Amino acid sequence: MMNDYSDVIQKYGENEPSIEYCLKVLSGEIVAGQKMTQAVKRHMNDLKKTIQDSTYQYIYKPKLVSKIIRFSSLLKDVSSGENFQLVSFQKFILSQLVGWWNIDGTVKYKYSYISMARAQGKSQVLSVYLMFQLIFAKGVSKDIGLGSIDTEHTKVLYRYMSYNFELLEKGLFSSLFKELGVEFNKQEMRVVKTSSVLNKFSAKSTPTDSRHFTTFVLDEAMLLSNRDKDWLDSVT
């Protein structure tokens, strides 16, 4: 199996975070479920296509993956106050969210479904992703949404981000935040320089039909019912 991906290893390196995880899953060193194993095989096969198929329409950006992982190491856990230490499967998830791009400059994956058991670091992964999108993702006028069934279910993730924005503002990113005009409160997070904003939304009380999101994270999606279909359909 490893010989099948020798060209991938040669080009991207076996220590590239997504590849390192994939190789351990494929060798049996890490036990993964069926869907995760399929995602691993898809990733490795697509990396092969970037090397072997000149007509392949997608590219992988390992430097961008490395950037978001380095950024994650600056963030802290709300409960323990310790720096995030993303494990291999969390790094793999982030690599899929930010690493794959169409050659026309748009992201490869328009929709991603992440399912984790409780206490497996979902809030960590999503807070890293959303904060990175707001501060570092290319473009201006980024309209980012965080939604759930009600306001109570957006609190945990939003609290993770608020806590870390405050730490970064007082510490390593003090000058950067002033330059970008980063502002945040209990309702929204904003980057003035790029006219970008992140807001919370609730299926029970907050309409979304006037917004056109560049990124939208729906937390605890399985809590939504058919009665919430119109609200979900309005997310564009």
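Above: the structure in question.
My aim in this report is to walk through the structure given alongside it, one point at a time. Remember, predicted model here, so these are calculated numbers, not experimental data.

Topic: the side chain of T194
Relative to the assigned elements, T194 resides in the loop between strand 5 (188-191) and strand 6 (196-202). For T194, a relative accessible area of 16% gives the class buried. Residues in contact with T194, not counting those within four places in the same chain, are G139, V140, S141 and K142.

Examining the environment of F89
Relative to the elements of secondary structure, F89 occurs in helix 5 (residues 88-98). Linking F89 and Y21, residues 68 residues apart in sequence, is a C-alpha distance of 6.8 Å. Setting aside residues no more than four positions away along its own chain, F89 makes contact with Y21, M36, M116 and Q120.

Comments concerning the environment of L232
Within the secondary structure, L232 is located in helix 9 (residues 229-233). With 102 residues separating them along the chain, L232 and L130 place their C-alpha atoms 19 Å apart. Apart from the residues within four sequence positions on either side, L232 is in contact with L218 and L224.

Regarding the nonpolar core
Counting residues in hydrophobic clusters, the biggest one holds 54 residues, and the most contacted among them are M44, F71, L130, M161 and F165. For this core, the element with the most residues is helix 6 (residues 122-135), which contributes nine residues. Listed in part, the six residues of the second largest apolar core include F201, A203, F213 and L224.

Observations concerning the packing of helix 4 (residues 62-72) against helix 6
Two measures define how a pair of helices packs: the angle their axes make with one another and the distance between the axes. Look at helix 4 against helix 6: their axes get within 10 Å of each other, and the N-to-C directions meet at 115°. Relative to helix 6, the element helix 4 lies roughly perpendicular. Crossing of helix 4 against helix 6: the hand is right-handed. Of the residues in helix 6, those in contact with L64, K67, I68, F71 and S72 of helix 4 are V128, Y129, M131, F132 and I135. Of the residues in the contact of helix 4 with helix 6, the class split is eight nonpolar, one polar and one charged.

The rules behind the values
Residues numbered from 1 in each chain as written. Predicted model: local features only at pLDDT ≥ 70, side-chain atom pairs only at ≥ 80, totals over all residues. Heavy atoms only, no water. Helix = DSSP H or I, 4+ residues; strand = E, 2+ residues; numbered from the N terminus. Buried < 20%, exposed > 50% of the residue type's maximum accessible area, 1.4 Å probe, protein only. Contact = heavy atoms within 4.5 Å. Core = buried A, V, L, I, M, F, W, Y, C linked by side-chain atoms within 4.5 Å. Axes fitted to C-alpha atoms, helices over the stretch in contact; angles between N-to-C directions. Parallel < 35°, antiparallel > 145°, perpendicular 65-115°, else oblique. Left-handed = near helix turned anticlockwise from the far one by under 90°. Nonpolar A, V, L, I, M, F, W, Y, C, P; charged D, E, K, R; others polar.

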